[in-house]
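# Fold and geometry: a report
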Amino acid sequence: MLYSLFAIVVLISVYTARHYLFTLNRLFGFQRHPYIDIDTADWPQVTILVAAHNEEKVVAHILTALMSVNYPTERMLVVPVNDRSTDGTREIIDRFCEEYPNRIRPFHRAGGKGGKAAALKDAMELVETEVILIFDADYIPGTGLIKQLVAPFFDPEVGGVMGRVVPLNVGTNLLTRLLDLERSGGYQVDQQARMNLRLVPQHGGTVAGVRLSALREIGGWNDNSLTEDTDLTFRLLLAGWKTVYQNRSECYEEVPETWQVRIKQIMRWAKGHNQALAGYGLKLLFGKHRATLRERIDGFLLLGVYAMAPLTLVGWILALALFYEGVAPLHGVIALLSFTAYAATGNFAAFFEIAAAARLDYTRQRIRLLPFLVLGFGVSIFSVTRACISQLSAPVTGAQFHWDKTERFRATP
Amino acid sequence: MNPALATVILILLAGTLFAIPLLPALIELRLKRDAQPLNVIQQYAGEIRHFSYGFRSYIAALLEPLQECVAAGATSEGFMPDGDEYLLLGCANDTAFVSTGEKTANCRSVVAVGMDVVLPDGITFAKEVYAAGEFTGGEKNVFRALLGEKNIRLGRASTVNRWAHAVGTFRAEHDCDLYGRISSDREIRLESGCAFQRLNAPYIALGHSASEVSDGTTETVQTPVPGGRRLVDEDLEIQAGDIVTTNVVTRGRLHIGAGARVLGSVKSDQQMTVGAGVRVEGSLISASTMHIGPDCWIRGPVIAEHGMAIETGTCCGSSRTPTTVSAPTIEIADGVVVFGTVWARTEGRVVPQG
């Protein structure tokens, strides 16, 4: 028990140090935005895939926004990927196709495997361009976003691009406000610091792009993955392609407005992440590939993020058990664990990161909600642990992984 | 003390201490003072002409009175809706803006000039200037911002602090400091000694001899069709005269020998040097510094994360394939042409040849 506790304490400390490193880098380090100044170019042909499964509430918004971007119209094809929708999504998409026949080509999918990756995989039959951008249907791209996301592909080393996600429905309730803060920390600090430090920015699967030749090289979309974005990030890395993050390529999204939807979402992310950890973790650390040492370490830590939730819980239980057993030599360890666990819940490192993000975003009042993040953290740690347990017990229980679409809350247009 | 009372006090005290940090949070949650989405600008203010478009809308109401001033050969003053003073000049010889006769050379009004004008030297314009006709500045003029519907020519050692846009040609004589955004719908010409940050025009000639540089596409029929990519983990030298048919990505330093031709794009993690007469059909990207020799032609974007120098005779992009040249600091020799954008986040400078 003692050594297990020690190991957990060390792991939590590593993650805490990582949070501090990222935050300090964002506040004081050299900021890398190498491609953001490319505003004039012989822009390549691009295909924009819009993943849509029962998206009648939101799909018109993104298609309208995409028809207004400043990318050359003759070099841009929008492909709404209607994945087995049973609501009015198909009719809305078809209406747009009639209005913009040369700019939108629909891909209607009536059957087949569920999940975004499977839908994107099938839709690849319509893709002929080297640059592919991907959006979920609830996103609303700004006028200049497509050029910004295409620009990094002029770098022959870049296989994937990720933009910044900004919640639109911030003011709805406490949950949306907490998710706004979390997103802010995750993108403004975490992702950009990884970009600055030449680590592993994560492909988010939306407001994102991928190079067709890179995708083909790694075997296309993995429709067995619950988080095709994480899966893509690591397969690109192992194949010698970079994923880059563009912090100034911002796009609005809708965040979950109920805890139930949020829990489902984070459980899917956790399972997908853990899938990737199992699939690529050791290969990333010890395999023969082109990733640098720092990319190997950061990539492994990134893969392990969701595994830390159950480990932290186990650490708490172990600490309590040892304390009540009265194991005297452990008092110091318990104190250390208490400190690091306290930090890991956000009071130090993660909260510091979010506070720094709020400062970088020039927001002032919303940072006052910081103490409530403990609530979000608590829900996340138990949801992620539940996801991990269900994942570990799947071989025994026979439970199948399935993809849960995140519910939308926007009013139907 | 009564144990029950002590317990109650302890609970109240602990509860209060717990609640104190939550109070601002509860107030914010209730009042929603900062519950708007982050301001993601949907209209893309990064467009270089963003401010000139905005200014054109701002002064739209002045255009009719400006024409009346021109017709009458008169000068007119007044106030914009936001309270700023304006000055409309309808006579070419009118130098009323030189503080209406006072001996200072500062003009605090928004100025709109209705006809061709040649400015005296040494005037500072604290507000924007609009020129409906040909605009020729004097030496050591200072402009906050400048919009010209025809050609703009700035005199030696003039300064633009925020932006300037010319519908026609924008030309700056020696030693001008051009901060912010400088754009033209036709052509930008900067003489040596000029400092700049962001330039955009279909044709940008830097230095006197730049017009001798040819448009690269007139000499090439090759469309870049690179076959795969070559990954190198150490320093790499592409030999002089070699033809490289792939994209090239190297972890170390990269040198491209004189006269080599690359059909794909090139990326190096460390310093990149490009010899004389090299042709690159794709892009050039360096995560460090970049030095481009004389008489090169690069079709795609040219990006260096830490600094760049370009020697005379080099051409980036073409009239059919405009491009971007970007680095925090850019030193461009007299005699370089860029079709598209040159963007130096910190400072760019046109330096004399040699």
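Residues numbered from 1 in each chain as written. Chains lettered and ligands numbered in written order. Predicted model: local features only at pLDDT ≥ 70, side-chain atom pairs only at ≥ 80, totals over all residues. Heavy atoms only, no water.

The next subject is the pairing of strand β7 (residues 208-211) of chain A. Residues and elements named next belong to chain A. Of the two faces of β7, both are covered, the one formed by Ala-208 and Val-210 as well as the one formed by Gly-209 and Arg-211. Looking at chain direction, strand β4 (residues 131-136) and β7 are connected through four bridges and run antiparallel. Looking across to β7, one finds that Val-131 is bridged to Arg-211. When strand β6 (residues 158-167) meets β7, the two strands line up antiparallel, connected through three bridges. The residue bridging Gly-160 from the neighbouring strand is Val-210, located in β7. (Buried < 20%, exposed > 50% of the residue type's maximum accessible area, 1.4 Å probe, protein only. Helix = DSSP H or I, 4+ residues; strand = E, 2+ residues; numbered from the N terminus. Pairing = 2+ DSSP bridges.)

Right, let's talk about the packing of aromatic side chains for a bit. Here a ring pair, both rings aromatic, is described through the centre-centre distance and the interplanar angle of the planes. For the structure on display, the rule yields ten aromatic pairs over all chains. Ring geometry for Phe-125 of chain B versus Phe-143 of chain B: centroids 5.2 Å apart, planes at 5 degrees, classification stacked. Separated by 18 residues along the polypeptide, Phe-125 of chain B in strand β6 (residues 124-125) and Phe-143 of chain B in strand β9 (residues 142-148) bring together distant segments of the chain. This pair shows no difference in class: Phe-125 of chain B is buried, exactly as Phe-143 of chain B is. Members of the aromatic cluster, joined through ring pairs, are Trp-43, Tyr-71 and Phe-154 of chain A. Between the NZ or CZ atom of Arg-198 of chain B and the centre of the ring of Trp-343 of chain B, over which it lies, the distance is 3.7 Å. Looking at Arg-229 of chain B, its charged tip hangs above the ring of Trp-241 of chain A, at a distance of 3.4 Å from the centre. (Phe/Tyr/Trp six-rings, centres within 6.5 Å; stacked < 30°, edge-to-face > 60°. Lys NZ or Arg CZ within 6 Å of the ring centre and 35° of its normal.)

We now examine the side chain of Asp-155 of chain A. Following the sequence through the fold, Asp-155 of chain A ends up in the loop between α5 (145-150) and β6. Here the side chain of Asp-155 of chain A touches Tyr-35 of chain A through a polar contact of 2.6 Å, side chain to side chain. For Asp-155 of chain A, the residues in contact, after removing those within four places along its chain, are Tyr-35 and Arg-211 of chain A together with Lys-267 and Ile-285 of chain B. (Polar contact = N/O pair within 3.5 Å; in protein donor to acceptor, adjacent residues only side chain to side chain. Contact = heavy atoms within 4.5 Å.)

It is worth spelling out the sheet that holds strand β1 (residues 46-52) of chain A at this point. Residues and elements named next belong to chain A. Taken together, the eight strands give an open sheet; going across it, the order is β3-β2-β1-β4-β7-β6-β8-β5, and neighbouring strands pair in mixed fashion. A single partner strand is all that each edge strand has here, and the edge strands are β3 (107-109) and β5 (140-141). Judged from the seven bridges that link them, β1 and strand β2 (residues 76-83) form a sheet pairing that is parallel. Across the sheet, Val-46 pairs through a bridge with Met-76, a residue of β2. Packed on one face of the sheet, helix α6 (residues 174-196) meets β6 and β8 (242-253) and runs near 150 degrees to β6. (Axes fitted to C-alpha atoms, helices over the stretch in contact; angles between N-to-C directions.)

Ranked by internal contacts, the top residues of the largest apolar core, which has 66 residues, are Phe-135, Leu-154, Phe-170, Leu-178, Leu-190 and Leu-284 of chain B. In this structure, Leu-154 of chain B is in contact with Phe-135, Gly-137, Phe-143, Leu-146, Val-160, Phe-170, Arg-171, Ala-172, Glu-173, Cys-176 and Leu-178 of chain B, ignoring residues within four places of it in sequence. Ala-41, Ala-52, Ile-104 and Val-165 of chain A belong to the second-largest nonpolar core, a separate cluster that totals 49 residues. (Core = buried A, V, L, I, M, F, W, Y, C linked by side-chain atoms within 4.5 Å.)

Looking now at the confidence of the model for chain B. Residue-level pLDDT values for chain B average 89, and 89% of them are 70 or greater. Listed scores for the predicted complex are pTM 0.90 and ipTM 0.89. (pLDDT = per-residue confidence, 0-100.)

Another point: the pattern of salt bridges. Going through the model one piece at a time under the given rule, you end up with 45 salt bridges over all chains. For Glu-305 of chain B, the salt bridge goes to Arg-198 of chain A, with nearest N and O atoms at 3.8 Å. In this pair, Glu-305 of chain B is assigned in the loop between β28 (302-304) and β29 (307-310) and Arg-198 of chain A in the loop between α6 and β7, connecting two distinct chains. Of the residues examined, Glu-305 of chain B reaches a relative accessible area of 7% and is grouped as buried. Linked by salt bridges that have partners in common, Asp-155, Glu-157 and Arg-290 of chain A together with Asp-233, Arg-251, Lys-267 and Asp-269 of chain B make up one network. (Salt bridge = Lys/Arg side-chain N within 4 Å of Asp/Glu carboxyl O.)

So, about the interface of chain B and chain A. Across the contact, 51 residues belong to chain B and 52 residues belong to chain A. Here chain B meets chain A over a buried area of about 4300 Å², counting both sides, of which 53% is carbon and sulfur. The interface formed by chain B and chain A contains ten salt bridges. In this assembly, chain B and chain A are joined by 27 residue pairs in polar contact (both at pLDDT 80 or more). Only α2 (22-31), β15 (195-206), β16 (229-232), β19 (247-250), β22 (266-268), β31 (323-333) and β32 (336-351) of chain B provide two or more residues apiece to the side of chain B that touches chain A. Sort the elements by how many residues they give to the side of chain B that touches chain A and α2 of chain B lands first, with six residues. Taken together, the residues that form the side of chain B that touches chain A break down as 22 nonpolar, 16 polar and 13 charged. (Buried area = accessible area lost by both parts, 1.4 Å probe. Nonpolar A, V, L, I, M, F, W, Y, C, P; charged D, E, K, R; others polar.)

Residues and elements named next belong to chain A. Two numbers describe how helix α9 (residues 259-286) lies on helix α14 (residues 373-397): the axes approach to 8 Å, and their chain directions differ by 50 degrees. Our classification of the angle between α9 and α14 gives oblique. Where α9 crosses over α14, the two elements pack in a sense that is right-handed. Residues Trp-259, Arg-262, Ile-263, Ile-266, Met-267, Ala-270, Lys-271, Asn-274 and Gln-275 of α9 pack against Leu-375, Gly-376, Val-379, Ser-380, Ser-383, Val-384, Arg-386, Ala-387, Cys-388, Ser-390 and Gln-391 of α14. Of the residues assigned to the contact of α9 with α14, the class counts are ten nonpolar, seven polar and three charged. (Parallel < 35°, antiparallel > 145°, perpendicular 65-115°, else oblique. Left-handed = near helix turned anticlockwise from the far one by under 90°.)

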